[in-house]
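# Close look at the chain arrangement
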Amino acid sequence: GSYGVSLILFTLVIKLILLPFQMKSKKSMMRMSRVSGQMQELQKRYAKNQAKLQEEMQKLYEEEGVNPMSGCLWSLIPFPILIALYSVIRRPLTRMMFVTQEVVDTLQSFFVEQGWYIIPEKADGYVEITLAEITHTHWDDVQSALAGKIDGLMNIDFTFLGVNLGQQPEWNFFSHTDWSDPSVWGPALGLFLIPFISAGLSWLSMKISTSMTPQPAGNQQAAATNKTMMLMMPLVSLWICYTMPAALGIYWIVNSILGI
């Protein structure tokens, strides 16, 4: 009965499913950290013999049960899920309700006739969200006028805690918001803050994760990589949340909280 709560529960289920894989990744990173000192010794010893260096490092990996690629592989699993979730959020009619394209076309034509929707000149990647919102607003009218033509259609309210999760945050909302009406500027401010909350929690999650993984002394390259990642990931989160519907920002926020 709540789009926002559904997103939160979905994130929780995904996190629980991925937990064993993330534990594998974490253990692999810790094993790599444990043998990093020995790896540096081998690199110094066989600096002029790369073939022998590779042979000795492979032998070290086998003795210590380390797979240098496993940590990276497990950490990539969330990205296909994020892409699939974006598809479902972007196309709620065909990807969440599973209605046919014919139903979508019927809705669009009816809304245009009623003056509720104007087909944009440029292609709109979020047209299904708009149609779903209009359907919610005029649910009774749609049901009576299109009876038998809209099988599978659901009445979805994208509002969660006063914020429309189907909308994109606007970085310049200050310049065109009615500040005399809290019911207008409140949701707009909420949308504006979602990307920043997401980026902040993403940074905190990575900070805690890094602090809980033993860092090899003297490994400047690893330290530099960690610093870069701690800067880049929150910025990526900020960019994604500003260019996509707020629902994806809620997923990212809850994911970071559960990770913490």
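We now turn to the structure provided with this report. (Residues numbered from 1 in each chain as written. Predicted model: local features only at pLDDT ≥ 70, side-chain atom pairs only at ≥ 80, totals over all residues. Heavy atoms only, no water.)

## Digging into the packing of helix H1 (residues 3-34) against helix H12 (residues 246-259)
Relative orientation of the contacting elements H1 and H12 amounts to 45 degrees, with a least axis distance of 9 Å. Viewed along their axes, H1 and H12 adopt a mutual orientation that is oblique. Crossing angle aside, the handedness with which H1 passes H12 is right-handed. Along the contact surface, H1 presents Tyr 3, Leu 7, Ile 8, Phe 10, Thr 11, Leu 12, Ile 14 and Lys 15, while H12 presents Ala 247, Ile 250, Tyr 251, Val 254, Asn 255, Leu 258 and Gly 259. Of the residues assigned to the contact of H1 with H12, the class counts are 11 nonpolar, 3 polar and 1 charged. (Axes fitted to C-alpha atoms, helices over the stretch in contact; angles between N-to-C directions. Helix = DSSP H or I, 4+ residues; strand = E, 2+ residues; numbered from the N terminus. Parallel < 35°, antiparallel > 145°, perpendicular 65-115°, else oblique. Left-handed = near helix turned anticlockwise from the far one by under 90°. Contact = heavy atoms within 4.5 Å. Nonpolar A, V, L, I, M, F, W, Y, C, P; charged D, E, K, R; others polar.)

## Digging into unusual backbone geometry
You will see that Phe 98, though not glycine, has its phi angle at about 60 degrees, which is positive. Locating Phe 98 in the fold gives a position in the loop between helix H6 (92-96) and helix H7 (101-114). Assessed through its relative accessible area of 66%, Phe 98 is described here as exposed. The phi dihedral of Leu 161 is positive, around 55 degrees, even though this residue is not glycine. Residue class for Leu 161 comes out exposed when judged on its relative accessible area of 76%. (Buried < 20%, exposed > 50% of the residue type's maximum accessible area, 1.4 Å probe, protein only.)

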